[in-house]
Amino acid sequence: MKPSVLLAVAVLVAAIVPAPADEIEPSPLSVVQALMDAEGETDLELALSLFTNDAFIVNVVGDRTVSAQLPRFLELDMWLNESFELGHATVERNRVAWTKPITAPFYEHIGVAPIRFAFSADVRNGKIRSIVAHMPPDEIARIEDACRQRTPEPRIYGNTCSTFVERIKVESAFATTEAATNGAVRDRFDTRVD
């Protein structure tokens, strides 16, 4: 057999033979589930190992936590939350989207707790590159209505409720646009908050 034919056969076999188990990339959903499991077990080291070196998290008002700040962010998240379940999880290519009910004193105070947050994680090569949180429009409307009914207007994080609502509206519009463009919007416009 000619060497060129042997080379062609070898290339074809390499293309169709499955990779060894240790070289198979985990599914995006399994990576995000591993993060939820690590947080549920308060295993900060494991949780951090699931992120890329340049990973970031964006909260519902658009504040961005970069990789150097992730340990503190995740510690606080583990301490504040009781449940790390993925509600209504969906996967589209490298994106995992899920929802989660959030109960916080402010939402309880204005009578809307729990509030449903939506999350989208970008997972590449078995690591989380980003997580972006936002509130669905119906949840924003609930908060806005509750704030209008109270005099004086409630305050959250040092701002009026109406200011908070405007920030979550902007971030939710931005987050849903980013999800529709598979991250192209946030990649183009760096929203880093330092």
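Scroll up a little and you will see the structure.
Structure report, in brief. Here the structure is a predicted model, which is why all the values come from computation and not from measurement. (Residues numbered from 1 in each chain as written. Predicted model: local features only at pLDDT ≥ 70, side-chain atom pairs only at ≥ 80, totals over all residues. Heavy atoms only, no water.)

Section: the overall build of the protein chain
Our working rule: Secondary structure elements follow DSSP: runs of H or I of four or more residues count as helices, runs of E of two or more count as strands, with numbering from the N terminus. Burial classes: relative accessible area under 20% of the type maximum marks a residue as buried, over 50% as exposed, and values in between as partly exposed (1.4 Å probe, protein chains only). Here, residues are in contact when the closest pair of their heavy atoms is within 4.5 Å.
A count of helices and strands for the protein chain gives eight helices and eight strands. Of all 194 residues assigned to the protein chain, the portion counted as buried reaches 39%. In the protein chain, once contacts between residues fewer than 6 apart in sequence are set aside, the share between residues at least 24 apart is 55%.

Concerning the pattern of salt bridges
Here is the rule: Each salt bridge in this description consists of a side-chain nitrogen of Lys or Arg and a carboxyl oxygen of Asp or Glu lying within 4 Å of one another.
Counted according to the given criterion, the structure contains eleven salt bridges. Note that Arg-116 and Glu-139 form a salt bridge whose closest N and O atoms lie 3.6 Å from each other. Separated by 23 residues along the polypeptide, Arg-116 in strand β5 (residues 115-124) and Glu-139 in helix α6 (residues 137-148) bring together distant segments of the chain. With relative accessibility at 7%, the residue Glu-139 sits in the buried group. Three or more residues joined by partner-sharing salt bridges are found here, namely Glu-144, Asp-145, Arg-148, Glu-166 and Lys-169.

Some remarks on the environment of Val-31
Considering the arrangement of structural elements, one finds Val-31 in helix α2 (residues 28-40). According to the relative accessible area criterion, Val-31 is buried, its value standing at 4%. Ignoring anything within four residues of it in the chain, the contact list for Val-31 reads Pro-26, Leu-50, Val-123, Gly-126 and Ile-128.

Considering the pairing of strand β4 (residues 95-102)
The condition is simple: Any two strands between which DSSP finds at least two bridges are classified as paired.
Among the eight residues in β4, six count as buried, and that is most of the element. Summarising the sheet, strand β3 (residues 87-92) and β4 pair through four bridges and their orientation is antiparallel. Looking across to β4, one finds that Gly-87 is bridged to Thr-99. Between the end of β3 and the start of β4, which pair antiparallel, lie two residues, with Arg-93 showing a positive phi angle near 55°. Pairing of β4 with β5, which is carried by eight bridges, proceeds in the antiparallel orientation. Bridging across to β5, Val-96 finds its partner in Ala-121.

Description of the packing of aromatic side chains
Two numbers describe a pair of aromatic rings. These are the distance of the centres and the angle of the planes. Applied cut-off: Classification of ring pairs rests on two measures: the distance between centres of Phe, Tyr or Trp rings, Trp counted by its six-membered ring, which must be within 6.5 Å, and the angle between planes, read as stacked under 30 degrees, edge-to-face over 60 and tilted in between.
Scanning all chains against the criterion turns up six aromatic pairs. With a centroid separation of 5.8 Å and 70° between ring planes, the pair formed by Phe-106 and Tyr-107 is classed as edge-to-face. Neither residue differs from the other here; Phe-106 and Tyr-107 are each classed as buried. Summarising the aromatic geometry, the rings of Phe-117 and Phe-119 are spaced 6.3 Å apart at their centres and angled 40° between planes, so their arrangement reads as tilted. Here Phe-117 matches Phe-119 in class, with each residue buried. What links up through ring pairs into an aromatic cluster is the set Trp-98, Phe-106, Tyr-107, Phe-117, Phe-119, Tyr-157 and Phe-164.

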